[in-house]
Amino acid sequence: MNELKIFVSMILALVLLASGISPTTTKSFVASGPSMAPTIHDGDRIVVDTSHDLEIEREDLILLVVDGKEYVKRVVGLEGDVVEKTTRDSITIHEERYESVIWGDVTYPISLAKDEFFVLGDNLNHSLDSRTFGVITREQIIGKVISIQSRNKGN
């Protein structure tokens, strides 16, 4: 089993090199908690591209830091977007509606400026994200998720 893990790690490094991503600009991260289910589950291993010139796009999964804690979230709001609370239980971003029971002390509407992003967990009712900690900035982004290795696939 240990040999299989070494083999898989070597193959992943070769794939990264072939795609132009250096292993020195990647970070391995183990997911904790249910906030990104069903995309990412507790214990899944995530590989993140930490290059400084990353272009962040809507729907990208990113690793970010807020108050010293690392989170994986989905980018749903970009520069120029307005995040509006449309009802007591929903917000709208870029014509997409998100319904949830979780709300923090964030004041709406929010107009996203240059290098500001609004992020959500895929499991909206079990996620700390921009609804609770507010807008994130480019400086808070550690990198973009490039690989997810499920712990349930024998890894």
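First, a word on what this report is: a plain description of the structure on this page. Here the structure is a predicted model, which means the values were calculated and not measured.

Structural notes on the sheet that holds strand β11 (residues 141–149)
Read from one edge of the open sheet, seven strands run β1-β2-β11-β3-β4-β9-β10, paired in antiparallel fashion. Two strands close off the open sheet at either side, each with one partner strand: β1 (26–30) and β10 (136–137).

Focus: the pattern of salt bridges
For the structure shown, the criterion picks out nine salt bridges. Across the pair Asp81 and Arg58 runs a salt bridge, and its minimum N-O distance is 2.7 Å. Taken together, the positions of Asp81 in the loop between β4 (69–77) and β5 (82–87) and Arg58 in the loop between β2 (45–49) and β3 (61–66) put the pair 23 residues apart, joining distant regions of the chain. On the basis of relative accessibility, which here comes to 25%, the residue Arg58 falls in the partly exposed class. A salt bridge links Arg74 to Asp122, with the nearest nitrogen and oxygen atoms 2.8 Å apart. Of this pair, Arg74 sits in strand β4 while Asp122 sits in the loop between β9 (116–120) and α2 (130–133); the two residues are 48 residues apart in sequence, bridging distant segments of the chain. A relative accessible area of 16% means that Arg74 is categorised as buried.

With respect to the side chain of Asp129
Tracing the chain through its elements places Asp129 in the loop between β9 and α2. Here Asp129 falls in the buried class, since its relative accessible area comes to 0%. A polar contact is formed between the side chain of Asp129 and the side chain of Ser127, at a distance of 3.0 Å. The residues touching Asp129, leaving out its near neighbours within four places in the chain, are Lys73, Val119, Leu120, Gly121 and Gly134.

About the cut-offs
Residues numbered from 1 in each chain as written. Predicted model: local features only at pLDDT ≥ 70, side-chain atom pairs only at ≥ 80, totals over all residues. Heavy atoms only, no water. Pairing = 2+ DSSP bridges. Helix = DSSP H or I, 4+ residues; strand = E, 2+ residues; numbered from the N terminus. Salt bridge = Lys/Arg side-chain N within 4 Å of Asp/Glu carboxyl O. Buried < 20%, exposed > 50% of the residue type's maximum accessible area, 1.4 Å probe, protein only. Polar contact = N/O pair within 3.5 Å; in protein donor to acceptor, adjacent residues only side chain to side chain. Contact = heavy atoms within 4.5 Å.

Nothing here speaks to function; it is geometry throughout.
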